[in-house]
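Summary of the model geometry
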Amino acid sequence: MAEGKTGNGAAAGAMARAVIAGERRALAQAITLIESTRIDDRGKAEKLVEALLPQSGKSIRLGISGSPGVGKSTFIEAFGLHLLNHGHKLAVLAVDPSSPLSGGSILGDKTRMEELARDERAFIRPSPSGGTLGGVARRTREAMLACEAAGFDVVIIETVGVGQSEIAVADMVDMFMLLLSPGGGDDLQGIKRGIVEIADTIVVTKRDGEFFNAASQMAADYRGALAFLRPPTEGWTVPVLTCSAAKRTGMEQIWSTVQKHHVTVETSGALARKRAAQNEAWLWSEVREGLIERFRDHADVAATLDQTEAAVKSGALAPTAAARKLLDRFAKS
Ligand code: GDP
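Structural notes, computed from the coordinates.

Rules behind the numbers
Residues numbered from 1 in each chain as written. Predicted model: local features only at pLDDT ≥ 70, side-chain atom pairs only at ≥ 80, totals over all residues. Heavy atoms only, no water. Helix = DSSP H or I, 4+ residues; strand = E, 2+ residues; numbered from the N terminus. Buried < 20%, exposed > 50% of the residue type's maximum accessible area, 1.4 Å probe, protein only. Contact = heavy atoms within 4.5 Å. Areas by Shrake-Rupley, 256 points an atom, 1.4 Å probe, with all protein chains shown as cover. Phe/Tyr/Trp six-rings, centres within 6.5 Å; stacked < 30°, edge-to-face > 60°. Patch = residues over 30% accessible without salt bridge, like charges linked within 9 Å, V, L, I, M, F, W, Y side chains within 5 Å. Salt bridge = Lys/Arg side-chain N within 4 Å of Asp/Glu carboxyl O.

Here's the deal with the overall build of the protein chain
The helix and strand inventory of the protein chain stands at 14 helices and seven strands. Counting every position in the protein chain, which comprises 333 residues, the buried fraction comes to 47%. Restricting the contact set of the protein chain to residue pairs at least 6 apart, pairs at least 24 apart contribute 76%. For the protein chain, the accessible area works out to roughly 16,700 Å², and carbon and sulfur atoms hold 55% of it.

Spelled out as structure tokens, the structure:
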């Protein structure tokens, strides 16, 4: 059968039904389709997401970030197993900012969260590779919707604390958690980088053994520093918690804090407002990405693009005038 629009719709519908029925293989295939960068997969992926959308939105969306080596995967494994033991189904997705830059991966290469990965009640998906951060973020957002439709009631989106990826992740979750650990060179540096400002919760991990006192001190320092910052969500005071992922302590308190935050923002209406604003921002980022793609592919623009870029680089042409000329060419036909 020719893969026309009708074929796409029927295939996407069947895949959506299997995802909603909770078939793991279908969910994995759905995410592969969502992540596909092939132009001819895009239509089918759109149909799929459209069919999944009514079943999505019911999870607690939690973003977790921290520097490399802070203990993210050890924490997510311990925290995730705690959630499973409390009857939840957990999906873990990653946004890895290194992939578009180097083609490598900070999060994806090593075997991580082995115990969690073996458990039927958890679904772990490494970061899609390649493309811009915007592209990776879009695919992660859609993968999150698919996980929700498949019945996962907690979705963790993990990212490394470098570059812009925290902002991208904070823009797609309900609650953003910053992970810190003693000895990681993170002492109050997060404040400077502006990441602490977007955190709804701070967790100092590795509070065990030789790090025990340093972790307690670090938490106290952050509590003091936070007193001078405005919390990202009105009506929510940002707590600084401690845990040991290795010894699996502190998980109960962290989970009850996440639940408390969820109830607070749901009751106040802040959650609905946040998700609406996120959807609106997502729409505009799609429009931006789409426009730039079409702009670059536009025959009239493409014909002079190299020349214009060279002229701007050499200083022969002012960037503002150059941009206007290109945009005029784009708009004309
Ligand atoms: P990630 O790069 O942020 O994912 O960090 P990992 O989870 O891979 O952990 C980095 C290192 O810290 C590893 O050697 C872990 O064994 C260690 N680590 C992680 N969590 C803890 C903890 O709670 N206590 C201690 N003492 N070490 C930990």
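Some points on the packing of aromatic side chains
A complete count under the given rule lists four aromatic pairs for this structure. Plain terms: the ring middles of Phe79 and Trp255 are 6.2 Å apart, the flat faces sit at 70° to each other, and that makes the pair edge-to-face. Of this pair, Phe79 sits in helix H4 (residues 72-85) while Trp255 is found in helix H11 (residues 251-268), placing the two residues 176 residues apart along the sequence. Taken individually, Phe79 and Trp255 each receive the classification buried, so the pair is uniform in this respect. Between Phe123 and Phe152 the ring centres are 6.0 Å apart and the planes differ by 45°, which places this aromatic pair in the tilted class. Separated by 29 residues along the polypeptide, Phe123 in strand E3 (residues 122-125) and Phe152 in the loop between helix H7 (133-149) and strand E4 (154-160) bring together distant segments of the chain. Assigned by exposure class, Phe123 and Phe152 land together as buried. Of the aromatic side chains, those joined through ring pairs into one cluster are Phe75, Phe79 and Trp255.

Thoughts on unusual backbone geometry
Phi at Lys206 takes a positive value of approximately 65°, unusual for a residue other than glycine. Backbone geometry places Arg248, a non-glycine residue, at a positive phi of 60°. Within the secondary structure, Arg248 sits in the loop between strand E7 (240-242) and H11. Judged by its relative accessible area of 40%, Arg248 is partly exposed.

Points about a nonpolar patch on the surface
A contiguous nonpolar patch, built from Leu283, Trp284, Val287 and Leu291 and spanning about 380 Å² of accessible area, is present on the exposed surface. One can find Val287 in helix H12 (residues 270-297). In this structure Val287 comes out as partly exposed when scored by relative accessible area, which is 33%.

Focus on the pattern of salt bridges
Summed over the entire model, instances satisfying the criterion amount to 10 salt bridges. One salt bridge connects Glu35 with Arg125, and the closest N-O pair in it is separated by 3.2 Å. Here Glu35 is found in helix H2 (residues 24-35), whereas its partner Arg125 is found in strand E3, with 90 residues between them in sequence. Here Asp200 and Lys274 are joined by a salt bridge, their closest N and O atoms 4.0 Å apart. On the criterion of sequence distance, the pair formed by Asp200 in the loop between helix H9 (189-193) and strand E6 (201-204) and Lys274 in helix H12 is long-range, its members being 74 residues apart. Overall, Asp200 belongs to the buried group, its relative accessible area being 2%. Looking at Lys274, the relative accessible area reads 26%, which means it is partly exposed.

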